[in-house]
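Here is what each chain is made of, one letter per residue.
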Amino acid sequence: MAVGLVYHPVYLEHDTGHHPERASRLVEIKAALERDGLWPRLHHLSPRPATEPELLEAHSQEHIRWVKSQAQQGGGWVDMDTILSAGSYQAALYAAGGAIVAAEAVLKGDVSQALALVRPPGHHATRDQAMGFCLINNMAVAIHALLAGGTAQRIFIFDFDAHHGNGTEAAFYSDPRVFFFSMHQHPLYPGTGHADHMGDGEGRGTTINVPLPPECGDEEFRQVCGLMAQAVRRFRPDIILVSAGYDGHWLDGISQLQLSVSGYAQTAETIRGVAGEVCGGKAVFLLEGGYHAAALSTSVVATCRVLLGEEWVDLLGPPMPYSPPDISPLLHGLRHIHELDEAEGS
Ligand SMILES: [Zn+2]
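Novice: Residues and numbers for the pairing of strand β6 (residues 155-159), please.
Specialist: For a regular strand, side-chain orientation follows a simple rule: the groups alternate between the two sheet faces. Counting buried residues in β6 gives five out of five residues, a clear majority hidden from the surface. Burial of β6 is two-sided: the residues Ile 155, Ile 157 and Asp 159 facing one way and the residues Phe 156 and Phe 158 facing the other way are all buried. Two strands pair when backbone bridges link them, and β6 and strand β7 (residues 178-185) are joined in this way by five bridges, in the parallel orientation. Paired with Phe 158 across the two strands is Phe 181, which belongs to β7. Where β6 lies against strand β9 (residues 239-244), five bridges are found, and the strand directions are parallel. The partner of Asp 159 across the bridge, within β9, is Ser 243.

So, in structure tokens, the structure goes:
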């Protein structure tokens, strides 16, 4: 079956100037997909703007009004690292709506998996705050829409962006229908995502945070993916929604992770494999971070090839030799508190 792709020129209208999260990120990805011959082979899904009721499931009315009015006034800096332009509100509506369209197309069986190349990104945005380059939490809006529409009852989020998805975690921290699994560098912005934060109330146990020390690379990601796959098998979701951030690549200066394109492709293979076992292969990759043009675009191309079941190449190669930390005590501790079998995920 075809692999879906969400893209729209409106995403370039969120004009951040020379900010790391800039419109050229998507231009580079599109060019790389075209060069590789993938662009015409993907099933293009047209995004729509998220509606106000959809936004209000994930955000306060004050927040939505504020983003809209800031954009109407021409935009400006929100905090030290988040900026809006006149076109940002419209882009954000289509980013959240694009996430809904991608997930619905997969759940309906129109496409096997989908990749949503949206911006602004979303995983840091909280119910009432824009932060960390994010205005509206695309993932949270999409999940509320799927649950409300009855197209999915159980959803597994896998956030492999280098930063912790604090906004997404908070949105579903006490919701037993939504599992949030994040691996992220720690310490790093925004400073959340500790290993003992595992959900609350009825949602206790449906959050797993894997705070990775700097210098973790492909092998450490492979080990964490083993834990993720175990959690997916136990939770048995209807779909896996991925917050796909490629800012852990060794060329990306925003984190100190040492991932390569191969590591990202292997991560995609694990997701595709476990989705195939548990939920008919249903998975959506929703773009979050990734700020080195070549690393980002090459990783997205490799991800697409994995979803199509094709060979991929790592044109950028591995990082310089480095000394990765031993994360086995961290993984052992997480398996212990989440009662996951030690042998299964290795
Ligand atoms: Zn990030």
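Once the structure has been displayed, the description carries forward.
Novice: How would you explain the environment of Phe 179 if you had to name every residue and give the values?
Specialist: Along the chain, Phe 179 turns up in strand β7. Using a relative accessible area of 4% as the deciding quantity, one classes Phe 179 as buried. C-alpha separation for the pair Phe 179 and His 336, spaced 157 residues apart in sequence, amounts to 18 Å. Ignoring any residue separated from it by four or fewer positions in sequence, one finds Phe 179 in contact with Ile 155, Phe 156, Ile 157, Gly 205, Thr 206, Thr 207, Ile 208, Ala 231 and Phe 235.

Novice: An account of unusual backbone geometry is requested, with residue identities and associated values reported.
Specialist: A cis geometry characterises the amide bond from Arg 119 onward to Pro 120, with omega recorded as 0 degrees. The step from Tyr 189 to Pro 190 runs through a cis peptide bond, and the omega angle for that step is 0 degrees. Residue position: Pro 190 is located in the loop between β7 and β8 (207-212). Non-glycine residue Phe 133 carries a positive phi angle of around 75 degrees. Position of Phe 133 relative to the elements: it lies in the loop between β5 (113-116) and α5 (138-149). With a phi angle near 55 degrees, Glu 339 is a residue other than glycine that sits in the positive phi range. Relative to the helices and strands, Glu 339 is located in the segment after α10 (328-337).

So, how was this worked out
Residues numbered from 1 in each chain as written. Predicted model: local features only at pLDDT ≥ 70, side-chain atom pairs only at ≥ 80, totals over all residues. Heavy atoms only, no water. Buried < 20%, exposed > 50% of the residue type's maximum accessible area, 1.4 Å probe, protein only. Helix = DSSP H or I, 4+ residues; strand = E, 2+ residues; numbered from the N terminus. Pairing = 2+ DSSP bridges. Contact = heavy atoms within 4.5 Å.

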